[in-house]
Amino acid sequence: MKTKLFARANVLLASICLLNFTPRPASAADGTPGIGLKLIAEGFTSPTTLIPLDDGSGRLLVADQIGIISVLTKEGAKAEQPFFDVRSRLTKLIEGFDERGLLGLALHPRFKENRKVYLEYSAPRRDTAPSDWDSTLHVSEFRVSENDAARVDPASERVLLEIDKPYFNHNAGCIAFGPDGYLYISVGDGGNANDEGRGHPPQGNGQDTTVLLGKILRIDVDRGNPCSIPSDNPFADGKKGRPEIFAYGMRNAWRISFDRGGNHELFAGDVGQTMFEEVDIIVKGGNYGWNIREGFHCFNRQDPLHPLEDCPKVGASGEPLLDPVLEYKNINGQRKDPEARGISITGGHVYRGKALPQLEGKYVFGDWSRNFVLPDGVLFVATRSSAPGEKKWTLEPLELVSPKKIGAFVVGFGQDAEGELYVLTNGRNAITGSTGKVYKLVPM
Ligand SMILES: [Ca+2]
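All of these numbers come straight from a predicted model, not from anything done at the bench.

A. Structural context of unusual backbone geometry. Residue P226 is reached from N225 by a cis peptide bond, and omega for that bond is 5°. Here P226 shows up in the loop between β13 (215–219) and β14 (245–248). Of note, D195 is a non-glycine position whose phi angle comes to about 60°, a positive value. On the secondary structure map, D195 appears in the loop between β12 (183–187) and β13.

So this is what it looks like as structure tokens:
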């Protein structure tokens, strides 16, 4: 029975791919190698984050959504002792599809000196939150133990931010330090759909600058207790909005990352609702449009499958609604369109490594899966336009030499100390089991 089901699924997948992707040679004609995935480690559930353990050892940290952070050697051998186990601090997760859990991990830029570690995770709903709300996001600081940089001291938690969530979905939950030394935090719009429902004001959380949902936040973890607000945050004085806000009009920026080269821009893969997935380059004070816009289009709350012809071009204070740098069509809303490429964007990284020079300066990211049930994640490469003034990036599939297909849900991406990229996958659309894998993008 099981085999038959799987066989049917494979036939289905194969036909979907044939319909939608024109095969191209995986290697360039000039003989430069193509790109493949090398399995580095497995046995995870839903790995969301991979970062270097910045202690000079070359080791890597992998955060799993279920609440365990593992230490890997450069070769991928997993240490028996986890870096940290936060399972007891998480809200009760669903034994199925869930967007909550351990969602973000970052080390302090001066980790070698101060040994500080930061997490964003879904904690149980705090007492002061409305009783029909779901959970409370924590952004917390920890320290590794005095004599072991590969082990967090569980008693060291300092909660920096608590954000109540009305629904289980749209947490975003990614954290990253910027070149300015401040901590950037992505927070989803609160969940449900259309940016409506309990815990959503009439204009939606994305457009409401008095709440932290639907935002990119920025805090200074080095000053204040428990933290402080950078003086040039757009609403730093608190008069027109929450001082933690850096940018707004976000829906669900599941993964964000800074370009480690170039102008160190902040990239966000903002998950769309039904019609369009988008990549944004986030600037201070930017309003990225949700829920007035989805991608380059006017979002229609009454009928999300039919974008409006016209909508406001500015937010409540007359500020422009900023377009993404690229969008692609969502299969859920545009099933018959051959240009529909996925159903939920997974933001990645600008490639600044050495092994794959053909990717230099390009944004490598993916889509979770082309199907909610079947494991059919895909990878993309986006290229900045060389035309003066052209802000739109071009998008193409990242063709793999081997394996040809990922055959899993793409949960996240990672980057090591050398700038090489990793793809983090889950074989299931659920946060159960041990089908989670870590792949490295390698020349092949
Ligand atoms: Ca947008």
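Next comes the rest of the account.
B. Focus on the coordination of the calcium ion. Here the calcium ion is held by the protein donor atoms E278 (OE), E278 (OE) and Y288 (O), which lie 2.3 to 2.8 Å from it. Separated by 10 residues along the polypeptide, E278 in strand β17 (residues 276–282) and Y288 in the loop between β17 and β18 (293–294) bring together distant segments of the chain. A relative accessible area of 5% places E278 in the buried class.

C. Summary view of the packing of aromatic side chains. Taken as a whole and judged by the stated rule, the model has 16 aromatic pairs. An angle of 80° between the planes, with centres 5.0 Å apart, marks the rings of Y184 and F246 as edge-to-face. Placement of Y184 in strand β12 and of F246 in strand β14 is noted, with a sequence separation of 62 residues between them. The two residues Y184 and F246 agree in class, both being buried. With a centroid separation of 4.6 Å and 50° between ring planes, the pair formed by W290 and F299 is classed as tilted. The exposure classification of W290 matches that of F299, with both residues buried.

D. The arrangement of the pattern of salt bridges in detail. Taken as a whole and assessed by the stated rule, the structure comprises 27 salt bridges. The shortest N-O distance in the salt bridge between D222 and R110 comes to 3.8 Å. Residue D222 is found in the loop between β13 and β14, and its partner R110 is found in the loop between β6 (102–107) and α2 (111–114); the two are separated by 112 residues along the sequence. Judged by its relative accessible area of 39%, R110 falls in the partly exposed class. A salt bridge links R218 to D232; its shortest N-O distance comes to 2.8 Å. You can see R218 sitting in strand β13 and its partner D232 sitting in the loop between β13 and β14, a full 14 residues away along the chain. Exposure remark for R218: the relative accessible area of 3% places this residue in the buried category.

The rules we used
- Residues numbered from 1 in each chain as written.
- Predicted model: local features only at pLDDT ≥ 70, side-chain atom pairs only at ≥ 80, totals over all residues.
- Heavy atoms only, no water.
- Helix = DSSP H or I, 4+ residues; strand = E, 2+ residues; numbered from the N terminus.
- Donors = N, O, S within 2.8 Å, 3.2 Å for Na, K, Ca; no water.
- Buried < 20%, exposed > 50% of the residue type's maximum accessible area, 1.4 Å probe, protein only.
- Phe/Tyr/Trp six-rings, centres within 6.5 Å; stacked < 30°, edge-to-face > 60°.
- Salt bridge = Lys/Arg side-chain N within 4 Å of Asp/Glu carboxyl O.

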